[in-house]
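Here is how the chains run, residue by residue.
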Amino acid sequence: MLDLSVDLSPIQLIGYLGALGGMVWPLFRGRVGILLAQLVPSFCFMIHFWLLGGLTAAALNLLAILQGLAAIPLGTRPNFRIVYLMILPVIAGLMAMTWTGWLSLFAALAMGLVSVARYQTGVARFRLFMALALPCWFTHSLLIGSVPGMLSDAVGMTINLWMLFRLGALRPFGGAGPVLSNPDSESSGP
């Protein structure tokens, strides 16, 4: 008989809270809204992955919180870029200290792409790099056995790709689809 029970242990509940946040951030149109919304899944998945034994992912999610906050002023205060860039060597050091093989590889690839995404001041470019990062997080979640992580990443990928399509960023060779005069100037609300 097929077991359809859902694990509601504290480890999984924290992961499901993160999954909710991971499904919400792509709905925001503006860069600052996206960055603020990403703080919730970063915090929850930091705890979730740590409890599952994914030390690299837990450490990277902790730094993702700091990185997300440091990325907010990049759009209005370009001189703040040095503060943002100073976090990158710390991320690399934590990856090296917590390295465990394949799990760490996919967490590192994901965080590297997220770092590039958050450095972008244009929303379309931000979303494009996130579209590359989310499959890496999905693979990490698959390898560690995190159903909430896979759920978050699958829904996040789908919504993010839909938002990119709406921006006209995924139109192949001038095909049909909406075109915005400035796809990087989205409003901040969902």
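Just so you know, these numbers come straight off a predicted model, no measurement behind them. (Residues numbered from 1 in each chain as written. Predicted model: local features only at pLDDT ≥ 70, side-chain atom pairs only at ≥ 80, totals over all residues. Heavy atoms only, no water.)

## Quick notes on helix H1 (residues 10–24)
Here is step 1 of the chain: Here H1 contains 15 residues, and its C-alpha end-to-end distance of 21 Å stays within 8% of the 21 Å for a straight helix at 1.5 Å per residue.
Here is step 2 of the chain: When we look at burial in H1, the residues that qualify are Gln-12, Gly-15, Gly-18, Ala-19, Gly-21, Gly-22 and Met-23.
Here is step 3 of the chain: In this fold, the buried residues of H1 make contact with helix H2 (31–37), helix H3 (39–52) and helix H8 (147–167). (Helix = DSSP H or I, 4+ residues; strand = E, 2+ residues; numbered from the N terminus. Expected span 1.5 Å × (residues − 1). Buried < 20%, exposed > 50% of the residue type's maximum accessible area, 1.4 Å probe, protein only. Contact = heavy atoms within 4.5 Å.)

## Comments concerning the packing of aromatic side chains
Here is step 1 of the chain: This model, assessed by the stated rule, comprises five aromatic pairs.
Here is step 2 of the chain: Aromatic pair Trp-102 and Phe-106: ring centres 6.2 Å apart, planes at 25°, arrangement stacked. Within this pair, Trp-102 and its partner Phe-106 are both found in helix H6 (residues 102–119), separated by four residues, close to a single helical turn.
Here is step 3 of the chain: Taken together, Phe-45, Phe-49 and Trp-137 form an aromatic cluster joined through their ring pairs.
Here is step 4 of the chain: Against the face of Tyr-119 rests Arg-81, its NZ or CZ located 4.6 Å from the ring centre. (Phe/Tyr/Trp six-rings, centres within 6.5 Å; stacked < 30°, edge-to-face > 60°. Lys NZ or Arg CZ within 6 Å of the ring centre and 35° of its normal.)

## As for the side chain of Asn-61
Here is step 1 of the chain: By the secondary structure assignment, Asn-61 is in helix H4 (residues 55–71).
Here is step 2 of the chain: Not counting residues within four places of it along the chain, the set of residues in contact with Asn-61 comprises Pro-41, Ser-42, Phe-45, Met-46, Phe-49 and Trp-137.

## Focus on a nonpolar patch on the surface
Here is step 1 of the chain: Together, Leu-128, Leu-161, Trp-162, Phe-165 and Leu-170 make up an exposed nonpolar region whose accessible area comes to about 440 Å².
Here is step 2 of the chain: No other element matches the three residues that H8 contributes to the nonpolar patch.
Here is step 3 of the chain: By the element assignment, Leu-170 lies in the segment after H8. (Patch = residues over 30% accessible without salt bridge, like charges linked within 9 Å, V, L, I, M, F, W, Y side chains within 5 Å. Areas by Shrake-Rupley, 256 points an atom, 1.4 Å probe, with all protein chains shown as cover. Salt bridge = Lys/Arg side-chain N within 4 Å of Asp/Glu carboxyl O.)

## Notes on H8
Here is step 1 of the chain: Between its terminal C-alpha atoms H8 stretches 30 Å, which fits the 30 Å expected from 21 residues at 1.5 Å a residue.
Here is step 2 of the chain: Contact partners of the buried residues in H8: H1, H3 and helix H7 (123–144).
Here is step 3 of the chain: Here H8 starts with a cap whose side-chain oxygen sits 2.9 Å from the backbone nitrogen of Gly-149, and that cap is Ser-146.
Here is step 4 of the chain: Gly-168 lies just past H8 and shows a positive phi near 85°. (Polar contact = N/O pair within 3.5 Å; in protein donor to acceptor, adjacent residues only side chain to side chain.)

## Some words on the packing of H3 against H4
Here is step 1 of the chain: Where H3 meets H4, the axes come as close as 7 Å, and the angle between the chain directions of the two elements is 160°. Relative to H4, the element H3 is oriented roughly antiparallel. Where H3 crosses over H4, the handedness of that crossing is left-handed. Facing H3, whose interface residues are Leu-39, Pro-41, Ser-42, Phe-43, Phe-45, Met-46, Phe-49 and Trp-50, H4 presents Leu-55, Ala-57, Ala-58, Asn-61, Leu-62, Ala-64, Ile-65 and Leu-69.
Here is step 2 of the chain: In the contact of H3 with H4, the residues fall into 14 nonpolar, two polar and no charged. (Axes fitted to C-alpha atoms, helices over the stretch in contact; angles between N-to-C directions. Parallel < 35°, antiparallel > 145°, perpendicular 65-115°, else oblique. Left-handed = near helix turned anticlockwise from the far one by under 90°. Nonpolar A, V, L, I, M, F, W, Y, C, P; charged D, E, K, R; others polar.)

## A look at the packing of H4 against helix H5 (residues 81–97)
For any two helices packed against each other, one specifies the inter-axial angle together with the distance between the axes.
Here is step 1 of the chain: Two elements in contact, H4 and H5, have axes whose closest approach is 10 Å; the angle formed by their N-to-C orientations is 180°. One finds that H4 runs roughly antiparallel with respect to H5. Taking contact as the criterion, the partners of Thr-56, Ala-59, Leu-60, Leu-63, Leu-66, Gln-67, Ala-70 and Ala-71 in H4 are, on H5, Tyr-84, Ile-87, Leu-88, Val-90, Ile-91, Leu-94 and Met-95.
Here is step 2 of the chain: Its residues assigned to classes, the contact of H4 with H5 comprises 13 nonpolar, two polar and no charged.

## Considerations on the confidence of the model for the chain
Here is step 1 of the chain: Here the chain averages 87 in pLDDT, and 87% of its residues register 70 or above.
Here is step 2 of the chain: When the elements of the chain are averaged for pLDDT, H5 gives the smallest value, 87, and H3 the largest, 96.
Here is step 3 of the chain: Counting interchain partners and residues more than four positions distant, the pLDDT-below-50 stretch residues 177–188 has 28 contacts. (pLDDT = per-residue confidence, 0-100.)

## A few points about empty space enclosed by the protein
Here is step 1 of the chain: For the coordinates displayed, the defined rule picks out one cavity of 30 Å³ or more.
Here is step 2 of the chain: A volume near 260 Å³ is recorded for the largest cavity.
Here is step 3 of the chain: As for the largest cavity, its lining consists of 20 residues, of which Pro-41, Ser-42, Asn-61, Trp-137 and Asp-153 are closest to the centre.
Here is step 4 of the chain: Sorting the residues of the lining of the largest cavity by element identifies H3, H4, H6, H7 and H8 as the ones contributing at least two each.
Here is step 5 of the chain: In terms of residue class, the lining of the largest cavity is made up of eleven nonpolar, seven polar and two charged. (1 Å grid on protein atoms, 1.4 Å probe; cavity = no way out; pocket = protein on both sides within 12 Å on 5 of 7 lines; lining within 4 Å. Points joined across faces, edges and corners; volume = space filled by probe spheres on them.)

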